Amino acid sequence: MGDDGTASAGPYVAEPAATSDPAPPGVSVSAQAVLPPAPPVPLDDEIGLDDQRYGVRVINKFYGQVHAAHATFGVSAGALTTPALVGRLRPADIGHALRYYVRPTGFAAAWGELTGSHLVILTGEEGTGRRTSAFALLHEVTGRTGEVTGLSPAMSLAQLVEYDYLRDRGYAVLDWLGERRDGAVQEFDLGRLSDRLETAGAFLVITTEPRVALRPGAARHVVAWHRPDPIAILDGRLRDGSGRPLSADDQARIRQHAVALGRPAEVVRLLDRLPQGVEAALDEVEKTARHRVEEWFGQASEWDELLTVAALAFAYELPERTFERVHARLREIDREERARQSAVDPELVGAPLVIQGRRGLHRDGGLITRQDGTTLDDDLGDERRIVLVAASMREHVLRELYECDYQLWQPLRTWMHEMAANQDLDTRLQLALGVTLLARNRSAAGEARDLLSSWAAGSAAKRFTAVSTVSFMAGDDVLAPVALRTVLSWTDGAGQNCAMTAAMALGGPLGIRYPTEAERWLWHLSTRGQRIRVMAVRSLGLLFCSTAADLDGSVALLKRLLLRLRRTLGAAVNLRQHGQAIEAVLEVLAVEHLDREEPMVAYLLRLRPAATASVGALWAEALRSLPHRSAAIDALRATLAALARKPIADQVAGRLGEAVQAEISPDECALLHRDLTWALRGPFGEADDSRLVVTALLTALTRTTTRPALR
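Residues numbered from 1 in each chain as written. Predicted model: local features only at pLDDT ≥ 70, side-chain atom pairs only at ≥ 80, totals over all residues. Heavy atoms only, no water.

When helices and strands are counted, the protein shows 32 helices and ten strands. Sorting the 711 residues of the protein into buried and exposed places 55% on the buried side. Carbon and sulfur atoms make up 52% of the accessible area of the protein, which totals about 29400 Å². (Helix = DSSP H or I, 4+ residues; strand = E, 2+ residues; numbered from the N terminus. Buried < 20%, exposed > 50% of the residue type's maximum accessible area, 1.4 Å probe, protein only. Areas by Shrake-Rupley, 256 points an atom, 1.4 Å probe, with all protein chains shown as cover.)

On to the packing of helix H13 (residues 303-314) against helix H16 (residues 406-420), then. Contact pair H13 / H16: the axes reach a minimum separation of 11 Å and the direction vectors enclose 40°. Our pair here, H13 against H16, has a crossing hand that is right-handed. Touching Trp 303, Leu 306, Leu 307, Ala 310, Ala 311 and Phe 314 of H13 are Gln 407, Leu 408, Trp 409, Leu 412, Trp 415, Met 416 and Met 419, all from H16. (Axes fitted to C-alpha atoms, helices over the stretch in contact; angles between N-to-C directions. Left-handed = near helix turned anticlockwise from the far one by under 90°. Contact = heavy atoms within 4.5 Å.)

Here we come to the pattern of salt bridges. Counted by the stated rule, this structure contains 28 salt bridges. Between Asp 477 and Arg 131 there is a salt bridge, with the nearest N and O atoms lying 3.3 Å from each other. With Asp 477 in the loop between helix H19 (460-474) and helix H20 (480-488) and Arg 131 in helix H4 (residues 130-141), this pair connects stretches of sequence that are 346 residues apart. By relative accessible area, Asp 477 is classed as partly exposed at 29%. For Arg 131, a relative accessible area of 18% puts it in the buried group. One salt bridge connects Glu 598 with Arg 606, and the closest N-O pair in it is separated by 2.8 Å. We classify Glu 598 as buried; its relative accessible area is 3%. (Salt bridge = Lys/Arg side-chain N within 4 Å of Asp/Glu carboxyl O.)

What follows concerns the pairing of strand E6 (residues 170-173). Here E6 shows no split at all, with Gly 170 and Ala 172 on one side and Tyr 171 and Val 173 on the other all buried. With four bridges joining them, strand E5 (residues 148-151) and E6 adopt parallel strand pairing. Looking at E6, one finds that Val 148 is bridged to Gly 170. For the handedness criterion, the β-α-β arrangement of E5, helix H5 (residues 157-162) and E6 is classed as right-handed. Taken together, the four bridges between E6 and strand E7 (residues 203-208) define a ladder with parallel strand orientation. If you follow Tyr 171 over to E7, its bridge partner there is Leu 204. Running through helix H6 (residues 183-200), the crossover from E6 to the neighbouring parallel element E7 is right-handed. (Pairing = 2+ DSSP bridges. Right-handed = clockwise from strand over helix to strand, strands pointing away.)

Attention shifts here to the nonpolar core. Counting 171 residues, the largest nonpolar core has Phe 314, Val 397, Trp 415, Met 416 and Trp 619 as the members making the most contacts within it. Contact partners of Val 397, with chain neighbours within four places excluded, come to Val 293, Phe 297, Val 309, Ala 313, Leu 367 and Leu 388. If you look at the next biggest cluster of nonpolar residues, it comprises 20 residues, including Met 155, Val 173, Leu 193 and Leu 197. (Core = buried A, V, L, I, M, F, W, Y, C linked by side-chain atoms within 4.5 Å.)

Averaged over all residues, the pLDDT of the protein equals 77, while 77% of them reach at least 70. In the predicted structure, residues 63-81 sits below a pLDDT of 50 and forms 58 contacts with residues beyond four places in sequence or in another chain. Counting contacts from residues 375-381, a segment whose pLDDT is below 50, to residues more than four positions away or on other chains yields six contacts. (pLDDT = per-residue confidence, 0-100.)

Here six strands make up an open sheet; going across it, the order is E3-E5-E6-E7-E4-E8 and the pairing mixed. In this open sheet, the two strands that pair with only one neighbour each are strand E3 (87-88) and strand E8 (222-224). Where helix H3 (residues 107-117) meets the sheet, it contacts strand E4 (119-123), E7 and E8, and its direction lies at approximately 150° from that of E4.

What follows is about helix H26 (residues 575-590). Turn by turn, an α-helix covers 3.6 residues, leaving residues three or four places apart pointing in a common direction. In this model H26 runs 22 Å from its N-terminal to its C-terminal C-alpha over 16 residues, within 8% of the 22 Å that 1.5 Å per residue would give. Listing the buried residues of H26 in full gives Gly 579, Gln 580, Ala 581, Ile 582, Ala 584, Val 585, Leu 586, Val 588 and Leu 589. (Expected span 1.5 Å × (residues − 1).)

Within the fold, Leu 636 resides in helix H29 (residues 629-644). Leu 636 sits in the buried class, given a relative accessible area of 4%. Put simply, Leu 636 and Leu 676 are 40 residues apart on the chain and 9.5 Å apart in space, counted from C-alpha to C-alpha. In this structure Leu 636 touches Trp 619, Leu 656, Leu 676 and Leu 697, once residues within four positions along its chain are discounted.

Below, the discussion takes up the environment of Arg 442. Relative to the helices and strands, Arg 442 is located in the loop between helix H17 (425-439) and helix H18 (445-456). Among the polar contacts made by the side chain of Arg 442, one reaches the side chain of Glu 209 at a distance of 3.4 Å. (Polar contact = N/O pair within 3.5 Å; in protein donor to acceptor, adjacent residues only side chain to side chain.)

The alternating pattern of E5 places Val 148 and Gly 150 and Thr 149 and Leu 151 on opposite faces, both of which are buried. Sheet analysis places E3 next to E5, joined by two bridges and oriented antiparallel. Across the sheet, Arg 88 pairs through a bridge with Thr 149, a residue of E5.

Right, let's talk about the packing of H16 against H18 for a bit. Packing of H16 against H18 leaves a shortest axis separation of 11 Å and a crossing angle of 35°. The handedness of the crossing between H16 and H18 is right-handed. Between H16, through Trp 409, Arg 413, Met 416, His 417 and Ala 420, and H18, the contact on the second element is made entirely by Glu 447, Leu 451, Ser 454 and Trp 455. Here the contact of H16 with H18 is composed, by residue class, of five nonpolar, two polar and two charged. (Nonpolar A, V, L, I, M, F, W, Y, C, P; charged D, E, K, R; others polar.)

Even without a glycine there, the phi angle at His 118 is positive, about 65°. You can call His 118 buried: its relative accessible area is 12%. Positive phi outside glycine occurs at Asp 168, with the angle close to 65°. As for its placement among the helices and strands, Asp 168 is situated in the loop between H5 and E6. We classify Asp 168 as exposed; its relative accessible area is 51%.

So, on to the packing of aromatic side chains. Applying the stated criterion across every chain yields a total of six aromatic pairs. Here Trp 296 and Phe 297 contribute two aromatic rings whose centre-to-centre distance is 5.0 Å and whose plane-to-plane angle is 75°, an arrangement assigned as edge-to-face. Taken individually, Trp 296 and Phe 297 each receive the classification buried, so the pair is uniform in this respect. Here the aromatic residues Tyr 163, Tyr 165 and Tyr 171 are joined through ring pairs into a cluster of three or more. (Phe/Tyr/Trp six-rings, centres within 6.5 Å; stacked < 30°, edge-to-face > 60°.)

Turning our eyes to something else, we now look at H4. Taking 1.5 Å of rise per residue, twelve residues should cover 16 Å, and H4 covers 16 Å from first to last C-alpha, within 8% of that figure. With ten of twelve residues buried, H4 lies mostly within the body of the structure. Residues of H4 that are buried include every one of Arg 130, Arg 131, Ser 133, Ala 134, Phe 135, Ala 136, Leu 137, Leu 138, His 139 and Val 141, and no others. Immediately downstream of H4, the backbone of Gly 143 shows phi near 75°, a positive value.

For the rest of this paragraph, the subject is the side chain of Glu 209. Mapped onto the elements, Glu 209 comes out in the loop between E7 and helix H7 (210-213). Among residues more than four places away in sequence, those in contact with Glu 209 are Gly 124, Glu 125, Glu 126, Arg 130 and Arg 442.

In this section: the environment of Leu 451. Examined against the element boundaries, Leu 451 turns out to sit in helix H18. By relative accessible area, which is 2% here, Leu 451 ends up buried. If we ignore the near neighbours within four places in the chain, the residues touching Leu 451 are Met 416, His 417 and Val 435.

Below is the structure:
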């Protein structure tokens with residue numbers, strides 16, 4: 001992978017030859033977003049294009065108001081607000097991360113290691129501020145003016161050694177996933193990496209959890225990282241919404257609360273809330289919710305009420321009748337499980353009371369209530385929804401539920417597997433979000449991983465649920481690298497369905513988080529068997545669409561795609577490989593914007609002229625391929641039709657024609673001009689703006705410039 005964010009010719013493992021595989025997603029989330037009608041479930045258990053596009057759209061819209069403590073979920077303007085962690089990192093994102101930064105103990109040692117050997121590895125538990133410290137170190141060592149590039153956490157040390165570093169550039173591998181090699185081998189590669197960086201004049205900071213990434217014996221360039229003093233973070237920043245210093249009493253309350261929090265990210269959130277008032281900063285509602293949940297689980301409750309709370313944790317904020325159905329099914333599964341166990345052990349007959357109690361569903365002191373009805377649409381009217389008394393209770397409920405024993409979790413697992421295949425999309429999405437919040441509890445990570453692996457290999461509905469879960473995980477700083485590691489484990493050796501699930505997941509929010517990694521693996525998966533290839537090609541187009549909120553990211557993706565296309569065409573040994581590469585590119589050129597009735601390429605060309613050269617080069621390669629010329633011309637017609645409805649359309653079309661013309665030989669240009677003249681002779685009617693667009697494109701193709709020879 002090059003410094004401009006371009007990926008290397010293939011994924012980080014050796015690409016297998018093309019095969020023919022056999023055919024055979026707490027937080028209060030509003031379910032009231034206006035969405036298009038869900039497509040019907042295909043009879044052949046495949047996820048069609050409409051389903052896949054709908055999945056990306058609904059995941060983006062489904063992210064709602066954040067209530068979970070420490071969560072970073074969020075969507076703005078239809079896209080994840082969480083920044084990409086791979087490729088050139090935006091200075092604004094780095095500046096935002098450093099807004100309250102203070103140097104913790106160990107900063108001097110890390111600084112010395114980085115300046116001396118050009119490499120440092122910050123190892124520590126999640127929540128110690130490793131990521132922000134990596135940015136701070138790189139800012140210091142590059143003079144606060146150098147660019148920072150994020151490298152994939154899936155890269156091995158050997159691959160990091162081979163990376164093409166640029167002088168005076170800072171690089172970061174955030175939440176490195178590690179590798180399963182002997183510590184002595186890792187030690188050797190760390191020495192090679194340091195030498196490589198010193199020769200290149202670049203600097204690299206790696207952050208990781210030691211038990212995940214480093215083996216015993218690998219100790220070079222490692223600095224143990226610890227939390228900074230929370231009081232140091234607060235010093236000089238305790239001001240109200242008008243910028244005036246807080247009173248001594250309020251400062252004392254804030255400082256006491258910060259010490260109890262401890263985690264840098266929590267203290268930063270406390271400071272961010274200060275302009276809203278001291279009470280908002282102290283987050284008394286959140287503390288009250290946590291205490292109330294702990295008190296409820298610590299006291300008495302009937303078994304059936306415990307089942308109700310468990311059902312609500314994973315089937316949250318659903319219409320009352322929908323919740324009643326899924327809750328009833330959990331009770332049925334529980335009775336069946338107890339009946340099965342009673343045949344083995346008669347003492348298990350009846351409903352075992354894990355916690356004895358008297359609270360009803362809506363009695364004082366309970367956790368569950370009904371939310372006032374909200375208008376769903378003109379036909380259905382209003383319907384109440386089942387919720388917790390406070391939405392912030394959901395994550396705390398899940399944490400307490402996981403501490404319950406086998407008698408609860410055995411029927412609950414069976415029920416969750418059924419829920420994952422439920423025909424109701426909201427039900428599956430709420431299940432996915434519940435599993436995501438469950439995964440935030442480190443001790444429950446294995447449970448979440450097992451559920452995901454089972455669903456990824458299952459039916460279309462279960463695969464969609466797995467993708468939804470991964471997409472929600474991608475919106476969380478802690479869970480994003482876990483989601484990436486999980487999805488990459490599905491790409492090879494896990495079966496056809498898992499590979500298809502991985503391809504679908506990489507085209508959504510996870511791909512936004514790790515764009516170069518997603519593009520790399522989707523390109524690889526597009527060379528696999530037919531079912532996997534179809535899903536991967538679609539996801540590549542949807543990944544392009546998902547960058548609409550960050551058009552600079554769209555431009556970067558096209559540049560990487562062009563580089564990969566040229567490498568593939570240059571190394572292709574048969575027509576099949578050539579055709580697969582062109583088809584993947586055509587999907588990107590033809591894909592419709594998720595929220596606008598125009599191709600994504602047309603949208604990008606209008607708003608980012610810098611993309612024209614890459615778009616033109618991609619179209620030139622597609623148009624010069626005879627088997628694909630017809631499809632390429634159809635995609636071009638759709639783009640020109642969309643451009644014709646916008647201002648300065650002729651200028652945009654002219655630039656596009658010049659970009660195409662610059663990539664083909666005179667003979668090819670003459671043939672292309674002839675074909676396009678015929679194909680575009682009246683594509684949009686007789687409107688003047690339509691003729692102007694076509695004329696501008698064709699005129700640009702006839703200009704005489706130096707062109708490359710026919711390849």
